[in-house]
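Each chain, written out:
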Amino acid sequence: MTGGRKDNIADLPEPVCRYRYDLVGMAEHVGKVVAQLPERCRMFYAMKANSAPEVLGTLAPIVAGFEVASGGEITKARAAGADVPVVFGGPAKTPAEIAQALDAGVVRFHAESVLELHRISAVAVAAGRVADVLIRVNLAGPFPPATIAMAGGATQFGIDESRLGDAMHAAAELPGVRFAGFHLHSLSNNLSPSAHLEMLTLYRDKITGWERRFGVRCEVVNVGGGIGVNYLPPTGSASHGEVGPQFDWPSFTSELDRLVATFPPHWAEVDFECGRFLVAPFGTYEVEVLDVKRNHGTQYVVVRGGTHHFRLPASWQHSHPFRVRAVDDWPDALPRPAATGSAVTVVGELCTPKDVLARDVVVDHVRAGDVLEFVHAGAYGWEISHHDFLSHPHPEHVFR
Ligand SMILES: *Cc1c(COP(=O)(O)O)cnc(C)c1O
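Residues numbered from 1 in each chain as written. Predicted model: local features only at pLDDT ≥ 70, side-chain atom pairs only at ≥ 80, totals over all residues. Heavy atoms only, no water.

Novice: Break down the domain arrangement of the protein for me, citing the residues and quoting the values.
Specialist: For the protein, the assigned domains are domain 1 (9-19 + 281-399) and domain 2 (23-280). Just the C-alpha atoms count here: the centres of domain 1 and domain 2 sit 34 Å apart. With 22 residues of domain 1 at the interface, the matching set in domain 2 holds 29 residues. Between domain 1 and domain 2, roughly 2,100 Å² of surface is buried when both sides are summed, and carbon and sulfur atoms account for 65% of that area. Here domain 1 and domain 2 share 8 residue pairs in polar contact (both at pLDDT 80 or more) between them. (Domains from an automatic or database assignment. Contact = heavy atoms within 4.5 Å. Buried area = accessible area lost by both parts, 1.4 Å probe. Polar contact = N/O pair within 3.5 Å; in protein donor to acceptor, adjacent residues only side chain to side chain.)

Below, the structure written as structure tokens:
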């Protein structure tokens, strides 16, 4: 009897719940992004945005290398390619991770504090090596407006601009490190090319000032990532499935060409390390509607899936854009609730009211059994989510 029951369970349909990735589109987009960079500029991929082996394998031959921020990411980078250049940033590097990085042939460390410079030096000396470092500076600002300021206020990243003297002294004195330049990553999800250029102009002026003040010469300047993706509908549009204009990379790079021409000639390399902008558009999170119901005046659409797979909308407190794919199949014996032309709130399968993917967005028509396709889900989606909360099955991951 129990055997028969098991078979019955296995025969029941599993609702749609998957991430779908377009690797061909991703390769094409990143290829164009890289091709439009001016001379001296290089594009690293910040793999924390999405470190799936399929994504890393797609990008490894196109980008200048990978930016990693943990020992685990170093391992993933090496699995993607024995020779892919890797730069190692991020706060709180342990001695073991520093040793692993040296062993893995990491090109450069982005040093986040004076103590970290000492740690890198000590591990390098023990290994009979000298590590190239960029000093990561946390600027005082003011900055052009962007969604999240990563510096300029109090954040844990980098070295306070006002304490840079101590770090420069350590970098000059320590036997296991060699100063190669500065690292600045101050913005996240910036949609404005002109704001980004303004920020890079500020970086140029700051760095040339530090070169004079500390008597050093940069070989490499790393300007971080932070090029944004627009998740919001176009102004005036009622359709939640469309998004507004994206960061205009061609116009940005043509202006960048002019700006980089004003950088000192000895800055041999200007590195970008972008995550979101390279991969976000090429992931879609597809979930089946399990129920549609009205509770106390709110029309809820309940899906198989939720923020344990796709935490981005909860983390950013936004309604994530999605399309409704109509599915006509439906068992005759069951009622089929629907919402037509009304505002709906899309929630997942977790037993918490915070499991919300979109709130009060107007849809033409959605029924139980239809599939919602959340677009621009390729970066900071699966990667940042608490997968095992409530022990639901994980989504499928389909790469093509
Ligand atoms: C997260 C991060 C990036 C990538 O940021 P995006 O906004 O995804 O481009 C680059 N550099 C550092 C130091 C980061 O922490």
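Still more to cover.
Novice: Give me the lowdown on the site of the ligand, citing residues and values where you can.
Specialist: Around the ligand, a shell composed of 13 residues is seen, among which Lys48, Gly226, Glu273, Arg276 and Tyr380 lie nearest. Tyr380 has a polar side-chain atom sitting 2.5 Å from an oxygen atom of the ligand. Compared with its free state, where it exposes 390 Å², the ligand has 92% of that area covered by protein. (Near = heavy atom within 4 Å. Areas by Shrake-Rupley, 256 points an atom, 1.4 Å probe, with all protein chains shown as cover.)

Novice: Can you break down the layout of surface pockets residue by residue, with the values?
Specialist: Volume-wise, the second largest pocket comes out at about 270 Å³. Surrounding the second largest pocket, Pro13, Glu14, Pro15, Glu288, Val289, Leu290, Val327, Asp329, Trp330, Pro331, Leu334 and Gly369 form its lining. Looking at the lining of the second largest pocket residue by residue, the classes come out as 8 nonpolar, 1 polar and 3 charged. (1 Å grid on protein atoms, 1.4 Å probe; cavity = no way out; pocket = protein on both sides within 12 Å on 5 of 7 lines; lining within 4 Å. Points joined across faces, edges and corners; volume = space filled by probe spheres on them. Nonpolar A, V, L, I, M, F, W, Y, C, P; charged D, E, K, R; others polar.)

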